[in-house]
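Results of the structural survey
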Amino acid sequence: MDALPAVLGAAALLLVLLLTARLLLARRNSSPRTAPLSLLVVAGSGGHTTEILRLLSSLSQSYSPRHYIFADSDKMSEDKIRTFEQKRAETFSNSQFTLNRIPRCREVCQSWSSSVLTTLYSILYSFPLTFRLKPDLILCNGPGTCVPICISALLLEILALKKVIIVYVESICRVETLSLSGKILYYFSDYFIVQWPALKEKYPKSIYLGRIV
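Note that this is a predicted model, so its numbers are computed, not measured.

The subject of this paragraph is the overall build of the chain. When you go through the chain residue by residue, the secondary structure sums to 7 helices and 7 strands. Residues classed as buried in the chain amount to 46% of the 213 residues present. In the chain, the proportion of contacts linking residues at least 24 apart, taken out of those at least 6 apart, comes to 67%. A total accessible area of about 10,800 Å² is found for the chain, and carbon and sulfur atoms account for 62% of it.

The interhelical angle for the contact between helix α2 (residues 48-56) and helix α3 (residues 75-91), taken along N-to-C directions, is 15°, at an axis separation of 10 Å. Comparing the axis directions of α2 and α3 gives the class roughly parallel. Between α2 and α3 lies a crossing of right-handed hand. Taken together, the residues of α3 that come into contact with α2 (itself represented by Thr49, Thr50, Leu53 and Leu56) are Ser77, Lys80, Ile81, Phe84 and Arg88. Residue composition of the contact of α2 with α3, grouped by class: 4 nonpolar, 3 polar and 2 charged.

The full count for this structure, using the stated rule, is 7 salt bridges. Residue arginine 66 pairs with glutamate 85 through a salt bridge whose shortest N-O separation is 2.9 Å. Taken together, the residues span a long stretch of sequence, with arginine 66 in strand β2 (residues 66-71) and glutamate 85 in helix α3 at a distance of 19 residues. Here glutamate 85 falls in the buried class, since its relative accessible area comes to 2%. One network of salt bridges, in which partners are shared, links Glu78, Arg82 and Arg101.

Taking 1.5 Å per residue, 17 residues should reach 24 Å; α3 reaches 25 Å between its end C-alpha atoms and fits that length. Turning to α3, its buried residues number three or more, namely Ser77, Glu78, Ile81, Phe84, Glu85 and Arg88. Here the buried residues of α3 occupy an arc of 130° about the axis, which is enough to place them on one side. Away from its buried face, by an angle of more than 90 degrees, α3 presents the exposed residues Met76, Gln86, Lys87 and Glu90. Contacts made by the buried residues of α3 are with α2, β2 and β3 (97-102).

What counts, and where the lines are drawn
Residues numbered from 1 in each chain as written. Predicted model: local features only at pLDDT ≥ 70, side-chain atom pairs only at ≥ 80, totals over all residues. Heavy atoms only, no water. Helix = DSSP H or I, 4+ residues; strand = E, 2+ residues; numbered from the N terminus. Buried < 20%, exposed > 50% of the residue type's maximum accessible area, 1.4 Å probe, protein only. Contact = heavy atoms within 4.5 Å. Areas by Shrake-Rupley, 256 points an atom, 1.4 Å probe, with all protein chains shown as cover. Axes fitted to C-alpha atoms, helices over the stretch in contact; angles between N-to-C directions. Parallel < 35°, antiparallel > 145°, perpendicular 65-115°, else oblique. Left-handed = near helix turned anticlockwise from the far one by under 90°. Nonpolar A, V, L, I, M, F, W, Y, C, P; charged D, E, K, R; others polar. Salt bridge = Lys/Arg side-chain N within 4 Å of Asp/Glu carboxyl O. Expected span 1.5 Å × (residues − 1). Arc of directions from axis to C-beta.

Here it is, written out as C-alpha cells:
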C-alpha cells in the first residue's frame, strides 16, 4: 500500500509529460505518428539524481535522445546515469543519450558573494550548450545546476531561437518550503510540480500530483 501513492503520482507525471509532448508535436505540425522528443535532464548531487532517474524509468522511448547535464565535479551522478542507461538499453536497443558537464554554480560552504560570480560563469557556459542541444523539453528537480540551464532555455525563447518546455519537479524532501532553485524557477517553468499539499497551498501555480518518487 505504501507504494500506491508513488505509482499514482508517477502515472500523473507521465500524463503531464505526454500532454506536453502532444503540444510540442502539434506545434511541429507533424504527422499522426509519434515523433521522438529531445529531452534534457538536469542531474544533481545528493538524492536529486536518484529521484530524477526514477521519474525517467516510467518514460517511453519517445523521449529520445536524452541529454543529461550535471556539474563537472559530480562523478557520482555520472556513474548513476551510465548504470541507468545500460539497463535501459536492455529494453530499448536504440536508446540514445549524451552526457554533458557544466561548471557548478556553488560549491558546499562557498560564500554567497562569490557564488554570484560562479553562477554567472555557469550561465555563460550553459547557453552555448543549450543552444547546441536545442531540447524540446527540460526535466529538472532542484539541483543548483538546473538554474543556469533553465535560464539559457529562456534566453533561447527570448531570442526567438526555440521554445523549450520546462518541467520542474520539486524534491520529495521539500514538504513545506521550496528549495532555492524552486523559488527561482517557480516563476519561469511551464509546469511546476510539488509532492506535498502544503506546497500547493503556498504556491497556487504549482501542480500537486502527490508522491511521484
